[in-house]
Amino acid sequence: MKDGYIKVAAVSPKITVANPLENSKQIIENIIKASRQGAKIIVLPELCIPGYTCSDLFFQHILINKCNDALYEIAKKTENIDALIFVGHYISQADKLYNVAAVLNKGRVLAFIPKKHIPTYNEFYEGRYFEEAPHDVEYIDTCLFGTVPFGTNIIFKLKEMKEVKVAAEICEDLWVPNPPSIMHAMAGANIIVNLSASDEAVGKADYRRDLIKSQSGSLVCGYVYASAGLGESTQDVVYSAHNIIAENGGILAEASRFDNEMLISEIDVYKLLDLRRKMTTFKSKTDGYLYLDFEVEISKTDITRKILKKPFVPSDKTKRDARCKEILNIQAYGLKQRLEHIGSKSVVIGISGGLDSTLALLVCARAFEIMGKDKKFIKAVTMPGFGTSDRTYDNAVNLIKAIGASFEEVDIKASVRQHFADIGHDENNHDVTYENSQARERTQILMDISNRDEGIVIGTGDLSELALGWATYNGDHMSMYGVNASVPKTLIRYLVAYYADSINDDNIKSILYDILDTPVSPELLPLEDGNIVQKTEELVGPYELHDFFLYNMLRFSYSPAKIYRLAKIAFNDEYENEVILKWLRVFCRRFFSQQFKRSALPDGPKVGTIALSPRGDLRMPSDASAKIWLNEIDTLR
């Protein structure tokens, strides 16, 4: 359970209807198999001891007694299994029958969780056999298991790691307007298990999947769904063992239907805790709940879930294109609103031939198209300096003209040299003053042109640069509206590529493809033989690593150790561990030291879950110490 991960399993053993002793053998075998694969929470289907489709056989005394014997055997044979186990069972209590989840741990029956909502419609006729769960938790005396808590409102806490809290609901409970899992989550449960017997019909699998995803998302929980399999299929119904493990609105693992597949993944409890802490609308309500401890050994959980290298970028092209389209619309409509609100006649934007300014220009063009405004009022300015290459210059000029914006060129070399003379700086000293003087000169030019032409300056800096403080304060750091402010560098490349793929203009397409192929550089140092010498990722580190660090640190508040662990998995074939650690240290150091720049950011549209605006998502002191983060990095190998 290191770093908050706990391995869970959804298991569908082959069931023989009305043969609990045979079923117990299959159940025990599958529990042992899941445990050997590291599962600490094991969930089996609804009524899997007798078989869900027993119908009127549920009333038979012999079946009731043999099911209790089977449960006793399961408990006895799993006393050395290091897991919390949920098994579908039924019991007789106060002269009524109840469909329950029997909860086992270390050979003990911790509780019976009764089904709350009993379906009696279509092919379901449970109301003929079973009673609804009682309102309050009771204690019942059993011959085989002693006194056992009986009720819906029970949460199981991991004794060795109190953050792990598990609750159960049964099949139909999820499908009703007010599922028990809602109250379970409000009472602190962050893992919900569902013992189900959901039969198949055309389209039902999609609905079931969406329902589980949605519930795990709205409750900010892990959801483990184990459903009845092929052995249950009888008469008019077919069961498919459609097992699903979800977490916070996403599917971690899904079984192939009709295969009785054992499904195993791990739930990140610390991530769920962090998300709930940040949601001020996620309220707690613990009235009427019983909390029971369970025991499992604390050990390192092997991570089998997919760790995305580019968490900001969907891996599926269809989804990625849809996201790019949406982001471009958010950026363009945000800019449209600003321009209409202030009555700006034009926009002014510096174009370098790099990715960021290219995307900003495309957003301006899109906004003007939406407004029905002539693109000649997009004042695109190139400002060649000491490090401007022919390639980036040509791409900038050609793109401006192809888009239909007004082109203006202001060579900054003479004015910067005059500035060096004014402040006594040696032009041969290529230090930070040399670089930042150019950035600030460019910003001054843009600001003054915007005054001249009744416009506003559009910022081009992106989220990744802001996270690292890779911007010149009061230089490219400043604008009147920063359209790329919450777009990470790894996503910008795909946005430009999407625009290129979507447009019918072969000229623009060709220019954009060449820009995509150009190394990322601020171009502030003199060229060597006409080539760019200042490559950003050689100086500050690979943006794909920094975006990975940024996402996991801000989205889920992960520690450096956990980020490093995940990065080693995600980038196993690309970066040595020492390289990942090197740039993780750079990221943490710069993220803290450069907050003062983010505290003075201009407005810009939020497009995703991560943003650094001091007015929105990140309220961080400018002088916070990075010491404990850096100290943890020093302990890593």
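Note that the coordinates shown come from a computational prediction; the quantities given were computed from them, not determined experimentally.

What counts and what doesn't
Residues numbered from 1 in each chain as written. Predicted model: local features only at pLDDT ≥ 70, side-chain atom pairs only at ≥ 80, totals over all residues. Heavy atoms only, no water. Core = buried A, V, L, I, M, F, W, Y, C linked by side-chain atoms within 4.5 Å. Buried < 20%, exposed > 50% of the residue type's maximum accessible area, 1.4 Å probe, protein only. Helix = DSSP H or I, 4+ residues; strand = E, 2+ residues; numbered from the N terminus. Contact = heavy atoms within 4.5 Å. Polar contact = N/O pair within 3.5 Å; in protein donor to acceptor, adjacent residues only side chain to side chain. Axes fitted to C-alpha atoms, helices over the stretch in contact; angles between N-to-C directions. Left-handed = near helix turned anticlockwise from the far one by under 90°. Nonpolar A, V, L, I, M, F, W, Y, C, P; charged D, E, K, R; others polar.

## A short note on the nonpolar core
Within the largest apolar cluster, 150 residues are counted, with the highest numbers of intra-cluster contacts made by Phe86, Phe156, Val166, Ile191, Val193, Phe549 and Phe591. At ten residues, the largest contribution of residues to this core is made by helix α7 (residues 355-371). The residues contacting isoleucine 191, other than those within four sequence positions of it, are Ile6, Ile41, Val164, Lys165, Val166, Ala167, Gly222, Val224, Ile267 and Val269. Of all hydrophobic cores here, the second largest spans 50 residues; its members include Val11, Ile27, Ile118 and Phe145.

## Digging into the environment of proline 560
Looking at where proline 560 falls in the secondary structure, it is placed in helix α16 (residues 560-570). Classification of proline 560 as buried rests on a relative accessible area of 4%. When the C-alpha positions of proline 560 and glutamate 632 are compared, they lie 6.7 Å apart, and in sequence the two are 72 residues distant.

## Quick word on the side chain of threonine 443
Tracing the backbone shows threonine 443 in helix α10 (residues 432-452). Polar contacts involving the side chain of threonine 443 include one to the main-chain carbonyl oxygen of glycine 475, which spans 2.7 Å. Here threonine 443 is in contact with Asn474, Gly475, Asp476 and Met478, once residues within four sequence places are set aside.

## Here's the deal with the packing of helix α6 (residues 317-342) against α7
α7 packs onto α6 with a crossing angle of 65 degrees between their chain directions and a minimal axis gap of 8 Å. Every pair of crossing elements has a handedness; the one defined by α6 and α7 is right-handed. Contact with α6, carried on its side by Leu328, Asn329, Gln331, Ala332, Tyr333, Leu335, Lys336, Leu339 and Glu340, involves Leu359, Val363, Cys364, Arg366, Ala367, Phe368, Ile370 and Met371 of α7 and no other residues of that element. Partitioned by chemical class, the residues of the contact of α6 with α7 number twelve nonpolar, two polar and three charged.

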